[in-house]
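Residues per chain are reported as follows:
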Amino acid sequence: MGKSNIFSEKNRGPLLALAPLLIMLLVLFVWPIAGIFESSFGEDVFTLTSYQRAIGSEVYRQIFYNTLEIAAVVTIGAIIVSYPFAYVMATVSPSMVKLLTFVVLLPFWTSALVRTTAWVILLQRRGVVNVGLEKVGFIDEPISFLYNFSGVLIGMIHVLMPFMVLPLYGAFRSIDGRLLQAAKGLGAGPWRGFIRIILPLSAPGVAAGGLIVFMTSIGYYITPSLMGGPKETMISQQIAYHMQEQLDWGMASALAVILLITTLSIFAIFQKYFGFDKMFSGQDTGEPLRQGDEKSNIQRLVFNISATLAAIFLIAPILVILPMSISETPFIKFPPNAFTFEWFENLYYDPRWSRAFFTSLEIAVMAVVISLFLGTSAAIGLSRLKSRMKPIIEAFVMTPLIIPPIIIAVGLYSFYAPLEMLGSSLGLAIGHALLATPFVFIAVRASLRSFDQNIELAAIGLGANWFTMFRRIMLPSIWPGLMAGSIFAFITSFDDVILAIFLTDVRSRTLPRVIYEGVKYDTDPTIVAVAAILIFVSMVVLITNLILERRK
Amino acid sequence: MKSLKILIMTIITIGSIAGGVSVAADDELVFVSWGGSYQSMIRKAIIRPFSRDTGIYVLEETDPNTAKVKTMVDSGRVTWDVITDGEMGVLRAAKAGLIERITPAMVNQDHVYPKMKNAYGVPSEVFSTTLAFSTEEFPDGSSQPTSWADFFDVNKFPGKRALRAAPDTVLEVALIADGVPLDQVIEVLKTPDGLDRAFKKIESIRPHVALWYNAGGQPVQALGSGEVVMAMGWNGRFQTGIERGLPIKIVWNGAIAELGFFMIVKNAPNKGAAVRFLNQMVSPKSQAEFYKHASYGPVTPEAWDMIPNNEWSRLPSSPDNLTKAVFLDAEWWVENDVELRERYQAVISK
Amino acid sequence: MSNNPTMKSVELTNIVKKFGSFTAVDDVSINIKAGEFCTLLGPSGSGKTTLLKIIAGYETPTDGSVKIDNRDVSHVSVEIRNIGMVFQNYALFPHMTIAKNVAFPLEMRKIPKKEIKERVQETLDIVGLSELGERYPRELSGGQQQRVAVARALVFEPDILLMDEPLGALDKNLRQSMQFELKKLHRRIGVTIVYVTHDQEEALYLSDQIVVFNEGSIAQKDAPEKLYNAPNSAFVADFLGECNIFPAKIDGNKALLDNGMALKIYGKNNFLQKIGIRPERLIIGAAAKNCENSFEATIDEVFFLGQGFKYILNANGQIWTAVSQNNLNTEEYKKGEIVSVGFDANDIISLTK
């Protein structure tokens, strides 16, 4: 019932609401990517040279293989580290949940670059980890964590772990705790109860988190170039090299097209078996899982130890930044020989940093506003749309989430250039909005699901017009979704390096870009001071929130 | 979440107000270079005196990659004036028509070493890729590495190495280590046999390389932190490390010398200011300033008169160091870069 | 709220509603008198809620017209149609207090603040929630929420009040007392009510007129007693209360059942295809022999209902249901007993389909 023609009168309103996002995606996403496709076949005459080189050469095949291998191992690693953590998070007391939420959110709020920097400090030969292990006597020789596979693995898992923990947490929260009690009553011991009940029921969460982590990993660029070696060269780095240094757009485009096709195929396979719409849909149902008598002490111990280790893994690199920011040799040695405030002074005297900070904020605010408008409007439109096209439109709206950002960056770069929009804050903000809108869309969709459509009808029946209804009834109901979406959008924008590298210039340089340049061209210790301040601000915001919430 | 919401809103509001204040100047010049201590040297030795003398505000940016220059020039919206790069960068940019030709009428280069001149750029400094080792690992008084042969000899000098993740300079160094005399290195490199020889040499050291670096700061940090005991890298970066108190010593024997250039982007918006800037940069007086802030060699013999004798040993273009150095053949590298890079990537990622 | 309510009639003429190829409402015409309590009754998916939404204006009919107080409102949009509606799950605004919820329609009509306050209080008094104005919906019980929904739908003096299964979410006891409240309320303010339910008891109890729906069209419409006593089809007979229904062949004043039983019947027409007898009309025991129709049957199953007993009877392979009252005069029978069963010819309901 109700699956009428998509252009029927009934769908006019919903289509109108979907239109802004769809138009933006077509103009700024599909069209530029079509441009990449075109230039991969040569600039003037049709040629397959670039593809022959990309596919024929052992080097690029190896790099593609590396990319997939790293993405796969990072995904598996993230699942292993996140699973017990999310499980414990879903089963402990409310005050512990707050603490663990803090542990997940703090890194999430902290720039990925800052975290990579922190890992370099922790993992280097005379870094905290090696010194610690040597002192305890576990090792005689320092372990080489950096500039190899382990470096990339540690760095990427850490950056991507929140994306794994949050869907998993949602999945665990939606499991009815009475199921475990029932299983126990039916004779299942603690481990079998876990394996037969919890494991299969949390599978959608694993799949959702796994997909996000895998898709994001495939397009990774920053972490492998700062923490890996030549064997960990990933395809995005090669795309950037051919574009930026060799001016070989054909080759860069061909590699981008192959990457795009690979990504979309993997996504299609996933979609077939799991379905994208199940993501983020975890809702509290029934009696929540509890860490209680339905499990054995040993089991509880195993989970708690794993979760504690995961928590340390998450938070340690963040916290180490704070003392290291006043070390004289932050990138070289731990413990520091001497302390100094020189790096903070540098920060104070160098206007680059504050200017970049405010530019980042300005761009993030614009990106949030744009993506809120587009995402909310599209989510409402789609939820009211009655058509068989609905799942297709939904998947299309999500695609920016799974397309490697470097492809979006390259596409926008060539799109903006003739429009003289390179270097404009608005241009970058629109790019960020492109990346962030799916998050807003998902969040608003989720909160609309719990918004009874009768409430909307009731308001209109009671005499409100649609806009009054939206403002007074719907908006307050989807407010949590809007807030969650804005936070995602803000972080997406505030943390982006790749788009910023391509789309900004001296006047619109963002903070992550300045940090990236600092890390790449010179190990400038000022970065550590910047990182310390950013972390400090995030901590203050989060802690204030926790305190205020408790008071309520 | 309500409190969090208010906090975020507050931050956002402050941000949008503050972000609206932008920097604007009438007389300005946009200078784009590679950041780090190199750019800070330029800032101290040239930009500050230049701004003081001329009143022109120099806006600095980093990462002048050629693709961006190309997009700017192609789209007709050029926002950069002066960019810097190595000789290979100059040749590539000139070939793509991205930079202005520099005529003698624009910049007087009569006093520059003749073989350093280029029609499209003004040479700014001589820098070298050298060997450096950790004096903690090989302290004074004990046996210390003195040549690239020692770099490739892990029996004599055990420990991890750092090499660049791109082949230019590494192939030259490999041939020197393999016994090719300095004056024949470039010739041998251009033969297929020579290339095979270089790659073979690199394969021999591969298991001992802990860091294949992309960024110039990495080898210094790796040496300082003990990640590696020997590294190749830019002499200027090593020198900065030494001055920061890191246990590093530079070996000049077999240094690969390269030239840095300043270029003017085609249709630069402040071309007049750019020309003045380049003239000031290449003047013997400015050239003799560099050594105070970093260890780069001047491109004009006249500068040596103003540099104290005891500083000469750490500068790549000093007469003594030049005799132990090989100049990179930038033209040949521009021709063969992509192919060699792919081969190099294959070799080092095995 | 004034005690002199606006009483408006509703006239639906040949309403058709199609969704694509599916016909949800098929040529429905109903007249609802001013002040009447009219129930749309039917199983889920029978089109009754769609029809209610058409009256409210949420759906536009594919064909046909809606007249309120003799004025065609088919093309008047929802928010100015002035109709009160109570939704299935009440659709209370969760972020507003009870008073704010009730005030909402008045605010939309730009009524002065002072008057809003008075009218909200007055209406909350009527539904007995005067003390709870500052609470939020989630802090109220299901019954209280239901009353808020009614108050909100009445406060602006709508021309008619529409209710979509308003008691569906309540437990049985509460539902019964709310039915009583609703009936009182209807008597008191006299507004025209169109009520949707699938609960036949509720429909019988509340309505002046019941319209029974089946697959998009009207099966029968009439006053409750008439509908119960004289259903025109097996569907209505079975949907409205329980009924023993058998196919029958008419032979003069005899109805022949499949198992060979012949029943006495009065003046029935020849179009008759089935007969029905309500379980409570069956008499069991010795008295049965005095009835116009009687037969022997074995008791297959006995259920104790509280107010009575329900017997499943087997008469020559034909299954009958009988209900007896739980009073001093009734005899109890055990499973397996053979009893006499009887009823009068007048108790037979003739069904045309």
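Just so it is clear, the structure is predicted and the values come from calculations on it, not from any experiment.

Definitions and cut-offs
- Residues numbered from 1 in each chain as written.
- Chains lettered and ligands numbered in written order.
- Predicted model: local features only at pLDDT ≥ 70, side-chain atom pairs only at ≥ 80, totals over all residues.
- Heavy atoms only, no water.
- Helix = DSSP H or I, 4+ residues; strand = E, 2+ residues; numbered from the N terminus.
- Rg over C-alpha atoms; globule rule 2.2 N^0.38 Å.
- Buried < 20%, exposed > 50% of the residue type's maximum accessible area, 1.4 Å probe, protein only.
- Contact = heavy atoms within 4.5 Å.
- Lys, Arg positive; Asp, Glu negative; His and termini not counted.
- Charge placed at Lys NZ, Arg CZ, Asp CG, Glu CD.
- Buried area = accessible area lost by both parts, 1.4 Å probe.
- Salt bridge = Lys/Arg side-chain N within 4 Å of Asp/Glu carboxyl O.
- Polar contact = N/O pair within 3.5 Å; in protein donor to acceptor, adjacent residues only side chain to side chain.
- Domains from an automatic or database assignment.
- Expected span 1.5 Å × (residues − 1).
- Core = buried A, V, L, I, M, F, W, Y, C linked by side-chain atoms within 4.5 Å.
- Axes fitted to C-alpha atoms, helices over the stretch in contact; angles between N-to-C directions.
- Parallel < 35°, antiparallel > 145°, perpendicular 65-115°, else oblique.
- Nonpolar A, V, L, I, M, F, W, Y, C, P; charged D, E, K, R; others polar.
- Pairing = 2+ DSSP bridges.
- Patch = residues over 30% accessible without salt bridge, like charges linked within 9 Å, V, L, I, M, F, W, Y side chains within 5 Å.
- Areas by Shrake-Rupley, 256 points an atom, 1.4 Å probe, with all protein chains shown as cover.
- pLDDT = per-residue confidence, 0-100.

Enquirer: How would you sum up the overall build of chain B? Please name residues and give values.
Expert: The helix and strand tally for chain B stands at 15 helices and 9 strands. For a compact globule of 350 residues, the expected C-alpha radius of gyration is about 20 Å, and chain B comes in at 22 Å, within 12% of that figure. With the C-alpha coordinates of chain B rotated into their principal frame, the extents come out at 65 × 60 × 40 Å. Within chain B, buried positions represent 62% of all 350 residues. When contacts within chain B are restricted to residue pairs at least 6 apart in sequence, long-range pairs at least 24 apart make up 71% of them. Between the averaged position of the 36 positive side-chain charges in chain B and that of its 41 negative side-chain charges there is a distance of 5 Å.

Enquirer: I'd like a rundown of the interface of chain A and chain C, residues and numbers included.
Expert: With 20 residues of chain A in contact, the opposing surface of chain C contributes 24 residues. Interface area, chain A with chain C, both sides summed: about 1900 Å², of which 67% is carbon and sulfur. For the interface between chain A and chain C, the tally reads 1 salt bridge. Here E107(C) and R472(A) are joined by a salt bridge, their closest N and O atoms 2.5 Å apart. Applying the counting rule to chain A against chain C returns 5 residue pairs in polar contact (both at pLDDT 80 or more). For the side of chain A that touches chain C, the secondary structure elements donating two or more residues are α19 (453-461) and α20 (466-494) of chain A. Among the elements that line the side of chain A that touches chain C, the one with the most residues is α19(A), at 7 residues.

Enquirer: Tell me about the arrangement of the chains, and please be specific about residues and values.
Expert: The structure contains 2 pairs of chains in contact, of which chains A and B account for the largest number of contacts. The closest approach of any C-alpha atom in chain B to one in chain C is 14 Å; the two make no contact.

Enquirer: If you had to explain the side chain of T468(A) to someone new, which residues and values would you point to?
Expert: Examined against the element boundaries, T468(A) turns out to sit in helix α20. Looking at T468(A), the relative accessible area reads 16%, which means it is buried. Within the structure, the side chain of T468(A) is placed 2.7 Å from the side chain of N465(A), a separation counted as a polar contact. Ignoring any residue separated from it by four or fewer positions in sequence, one finds T468(A) in contact with I473(A) and M108(C).

Enquirer: Could you give me a rundown of the pattern of salt bridges, with the residues and numbers involved?
Expert: Residues and elements named next belong to chain B. Per the stated rule, a full pass over the model turns up 32 salt bridges over all chains. With a closest N to O distance of 2.8 Å, D178 and R197 form a salt bridge. A residue pair is termed long-range when its members are at least 10 positions apart, and D178 in the loop between α6 (170-177) and α7 (185-189) and R197 in helix α8 (residues 192-205) qualify at 19 residues. Judged by relative accessible area, D178 falls into the partly exposed class, the value being 30%.

Enquirer: Requested: an account of the domain arrangement of chain B, with residues and values cited.
Expert: Residue and element names in this part refer to chain B. According to the domain assignment, chain B contains domain 1 (28-126 + 259-317) and domain 2 (127-258 + 326-348). With centres defined by C-alpha atoms, the gap from domain 1 to domain 2 works out at 26 Å. Taken together, the contacts link 18 residues of domain 1 with 18 residues of domain 2. With both chains or domains summed, domain 1 and domain 2 bury close to 1600 Å², and 62% of this area falls on carbon and sulfur atoms. Its largest share of buried area at the contact with domain 2, domain 1 owes to M88, L91 and L259, together 30% of the area lost on that side.

Enquirer: Tell me what's going on with helix α4 (residues 142-154) of chain C, and back it up with residues and numbers.
Expert: Given 3.6 residues to a turn, an α-helix orients residues that are three or four positions apart in the same direction. Between its first and last C-alpha atoms α4(C) spans 19 Å; for 13 residues at 1.5 Å apiece the expected length is 18 Å, and the two agree. Within α4(C), 10 of the 13 residues are buried, which leaves the element mostly enclosed by the surrounding structure. Looking only at α4(C), the buried set comprises G143(C), Q145(C), Q146(C), V148(C), A149(C), V150(C), A151(C), R152(C), A153(C) and L154(C). Residues of α4(C) that are buried sit in contact with α19 of chain A together with β6 (83-86), α2 (98-108), α3 (113-126), β7 (160-164) and α5 (172-189) of chain C.

Enquirer: I'd like to hear about the side chain of T340(A), residue by residue, with values.
Expert: Residues and elements named next belong to chain A. For T340, the location among the structural elements is in the loop between α13 (297-324) and α14 (342-349). With a relative accessible area of 16%, T340 lands in the buried category. A polar side-chain atom of T340 sits 2.9 Å from the main-chain amide nitrogen of E342. Those residues within four positions of T340 in sequence are excluded, and the remaining contacts are S325, I326, S327 and E328.

Enquirer: Residues and numbers for the nonpolar core, please.
Expert: Ranked by size, the top nonpolar core spans 385 residues in total, and within it F85(A), F172(A), I515(A) and F277(B) carry the most contacts. Here this core takes 15 residues from helix α3 (residues 58-91) of chain A, the largest share from any one element. What F85(A) contacts, discounting residues up to four positions off in sequence, is L100(A), V103(A), V104(A), V165(A), A307(A), A310(A), A311(A) and L314(A). F246(C), L257(C), W320(C) and Y333(C) belong to the second-largest nonpolar core, a separate cluster that totals 25 residues.

Enquirer: A description of the packing of helix α5 (residues 112-123) of chain A against α13(A) should follow, citing residues and the corresponding values.
Expert: Residue and element names in this part refer to chain A. Taken N-terminus to C-terminus, the directions of α5 and α13 make an angle of 80°; their axes are 9 Å apart at the nearest point. When the axes of α5 and α13 are compared, the pair comes out roughly perpendicular. Note on element contacts: α13 touches α5 through F313, A316, P317, I318, V320, I321 and M324, opposite V114, R115, A118, W119, I121 and L122. Tallied by class, residues from the contact of α5 with α13 come to 12 nonpolar, no polar and 1 charged.

Enquirer: Which residues make up helix α1 (residues 48-56) of chain C, and what values do they have?
Expert: Residue and element names in this part refer to chain C. Counting buried residues in α1 gives 8 out of 9 residues, a clear majority hidden from the surface. Among the residues making up α1, those that are buried are K48, T50, L51, L52, K53, I54, I55 and A56. Immediately beyond the C-terminal end of α1, within one or two residues, lies G57, with a positive phi of roughly 105°.

Enquirer: Provide a residue-level description of the sheet that holds strand β12 (residues 254-257) of chain C, including the pertinent values.
Expert: Residue and element names in this part refer to chain C. Taken together, the 5 strands give an open sheet; going across it, the order is β13-β12-β11-β14-β20, and neighbouring strands pair in antiparallel fashion. The open sheet has two edge strands, β13 (262-264) and β20 (349-351), and neither has a second partner. Each strand of the sheet is rotated relative to its neighbour by a mean of 40°, with strand direction disregarded.

Enquirer: Which residues make up a nonpolar patch on the surface, and what values go with them?
Expert: All names here are of chain A. Taken together, the side chains of W191, I195, L199, I298 and V302 make up a nonpolar region of the molecular surface, amounting to roughly 460 Å² of accessible area. The set of elements that each furnish at least two residues to the nonpolar patch consists of α9 (190-218) and α13. Top element by residues in the nonpolar patch is α9. It accounts for 3 residues. Along the chain, the position of L199 falls in helix α9. According to the relative accessible area criterion, L199 is partly exposed, its value standing at 37%.

Enquirer: Could you give me a rundown of the sheet that holds strand β10 (residues 217-222) of chain C, with the residues and numbers involved?
Expert: Residues and elements named next belong to chain C. The sheet built from 6 strands is open, its strands ordered β6-β7-β8-β3-β9-β10 with mixed pairing. Two strands in the sheet have a free side with no partner beyond their single neighbour: β6 and β10. Strand after strand, the sheet turns through a mean of 15° between neighbouring axes, direction not considered. In the sheet, β6 pairs with β7 via 4 bridges, with the strands oriented parallel. Within β7, the position partnered with I83 by the bridge is I160. Lying over the sheet, α4 contacts β6 and β7, oriented at roughly 170° with respect to β6.

Enquirer: Now, about the domain arrangement of chain C: what can you tell me, with residues and values included?
Expert: Residues and elements named next belong to chain C. Along its sequence, chain C is carved into domain 1 (10-234) and domain 2 (242-351). Here domain 1 and domain 2 have C-alpha centroids that lie 38 Å from each other. Across the contact, 6 residues belong to domain 1 and 8 residues belong to domain 2. Summed over both sides, the interface between domain 1 and domain 2 buries roughly 570 Å², with carbon and sulfur atoms accounting for 51% of that surface. Considering only the surface of domain 1 that becomes buried against domain 2, Y228, P231 and A234 emerge as the three largest contributors, covering 75% of it. In this assembly, domain 1 and domain 2 are joined by 0 salt bridges. By residue class, the composition of the side of domain 1 that touches domain 2 is 3 nonpolar, 3 polar and no charged.

Enquirer: With reference to specific residues and values, describe the confidence of the model for chain B.
Expert: On average, residues of chain B score 87 in pLDDT, and 92% of them reach the 70 mark or higher. Note that pLDDT drops below 50 for residues 1-26 of chain B; the model gives that stretch 27 contacts with residues more than four away or on any other chain.

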